Amino acid sequence: MPAITLTTLQSLKQKGEKITMLTCYDATFAHACNEAGVEVLLVGDSLGMVLQGHDSTLPVTTAEMAYHVASVKRGNSDALILADLPFMANATLDQTMINSATLMQAGAHMIKVEGALWLADSIRLLAERGVPVCAHMGLTPQAVNILGGYKVQGRSENQARQMRADAIALEQAGASMLLLECVPSELALEITQAVGIPVIGIGAGSGTDGQVLVLHDMLGLSITGRVPKFVKNFMNGQASIHAALSAYVAEVKTVSFPGIEHGFSA
Ligand code: KIV
């Protein structure tokens, strides 16, 4: 077991101490993130974009995710490893169980699935079988073709009401954590206060229980040159990657990051 467990994250929420998460795809960065005190390493399917150069996360496979989870595991000693179930790896309940098992056996401690209320059955089945689940809500990049682009979600009153209700239902189904991406800051705060499980935000304001960024984004690395509004380049003013990672942890813990300028309104 790593030093950071689900119990640690729950107690950080209860104490009101912010949780730090970054994406991570290899052993060297896992070690560097450990040294900086990052509590959760997300092996995100964003690797399809930042490592493989695709224009979306859709081409990523479970086998590729397992390869990177195993790499991160070898460099990690302290952090909890959260792994994404990639596009369509949860198309059926059977596939959800089998592909989650593959990622857990590669070294993940928790599985992340993108969606909303329709995830409830699979979350219940996974939790019953000993797999903690993080439900990724709001902007779900695997659904980019339905959403019509990478857009802020939950801006209308109806959408906001639905997202609040879904978050509560997914906690009741057995989710251990929520991740809110590109959600108005006010709504993210309301959801964070409405559930007992930790809520991590990206483009969701400073009111969530913790923050996550894509590693390459926060190190100022970009193929396209398009940087989302919610990203801060932590290399600015730092002499090394280690210093940038430590600055991220310090700014999340002291609630200096994210600033109002990194969030969205309804
Ligand atoms: O895949 C990923 O890196 C993610 C983050 C954007 C939260 O899901």
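Up top you'll find the structure we're talking about.
Below: a short report on this structure. (Residues numbered from 1 in each chain as written. Predicted model: local features only at pLDDT ≥ 70, side-chain atom pairs only at ≥ 80, totals over all residues. Heavy atoms only, no water.)

### Topic: helix H6 (residues 120-128)
Point 1. Restricting attention to buried positions, one finds in H6 the residues Ala120, Ser122, Ile123 and Leu126. Buried residues of H6, viewed axially, fall in a sector of 165 degrees; they line one side.
Point 2. Along its buried surface, H6 packs onto helix H5 (93-106), strand S4 (110-114), strand S5 (133-138) and helix H8 (157-173).
Point 3. Backbone geometry just after H6 places Gly130 at a positive phi near 90 degrees. (Buried < 20%, exposed > 50% of the residue type's maximum accessible area, 1.4 Å probe, protein only. Helix = DSSP H or I, 4+ residues; strand = E, 2+ residues; numbered from the N terminus. Arc of directions from axis to C-beta. Contact = heavy atoms within 4.5 Å.)

### A short note on empty space enclosed by the protein
Point 1. Following the criterion strictly, the structure yields 1 cavity of 30 Å³ or more and no others.
Point 2. Quantified by volume, the largest cavity comes out at close to 40 Å³.
Point 3. If you trace the largest cavity, you find it lined by Gly201, Ile202, Gly203, Ala204, Gly205, Gln211, Val212, Leu213, Phe230, Phe257, Pro258 and His262.
Point 4. Residue assignment for the lining of the largest cavity shows that the elements contributing at least two residues are strand S7 (199-202) and strand S8 (210-213).
Point 5. At 3 residues, S8 tops the list of elements feeding residues into the lining of the largest cavity.
Point 6. Among the residues forming the lining of the largest cavity, the class breakdown is 7 nonpolar, 5 polar and no charged. (1 Å grid on protein atoms, 1.4 Å probe; cavity = no way out; pocket = protein on both sides within 12 Å on 5 of 7 lines; lining within 4 Å. Points joined across faces, edges and corners; volume = space filled by probe spheres on them. Nonpolar A, V, L, I, M, F, W, Y, C, P; charged D, E, K, R; others polar.)

### Some thoughts on the layout of surface pockets
Point 1. The computed volume of the largest pocket comes to approximately 920 Å³.
Point 2. Contributing elements (two or more residues each) for the lining of the largest pocket: helix H3 (47-50), S4, strand S6 (177-181), S8 and helix H10 (215-218).
Point 3. Split into classes, the residues belonging to the lining of the largest pocket amount to 19 nonpolar, 10 polar and 9 charged.
Point 4. Size it by volume and the second largest pocket reaches roughly 460 Å³.

### As for the pairing of strand S2 (residues 40-43)
Walk down a regular strand and you will see the side chains alternate between the two sheet faces.
Point 1. What you see with S2 is no split at all: Val40 and Leu42 on one side and Leu41 and Val43 on the other are buried throughout.
Point 2. The pairing of strand S1 (residues 19-23) with S2 spans 3 bridges and is parallel. Counted as the bridge partner of Thr23 is Leu42 from S2.
Point 3. Here S2 pairs with strand S3 (residues 80-84) via 4 bridges, running parallel. Bridge pairing in S3 places Val43 opposite Ala83. (Pairing = 2+ DSSP bridges.)

Honestly, it's all geometry; don't read function into it.
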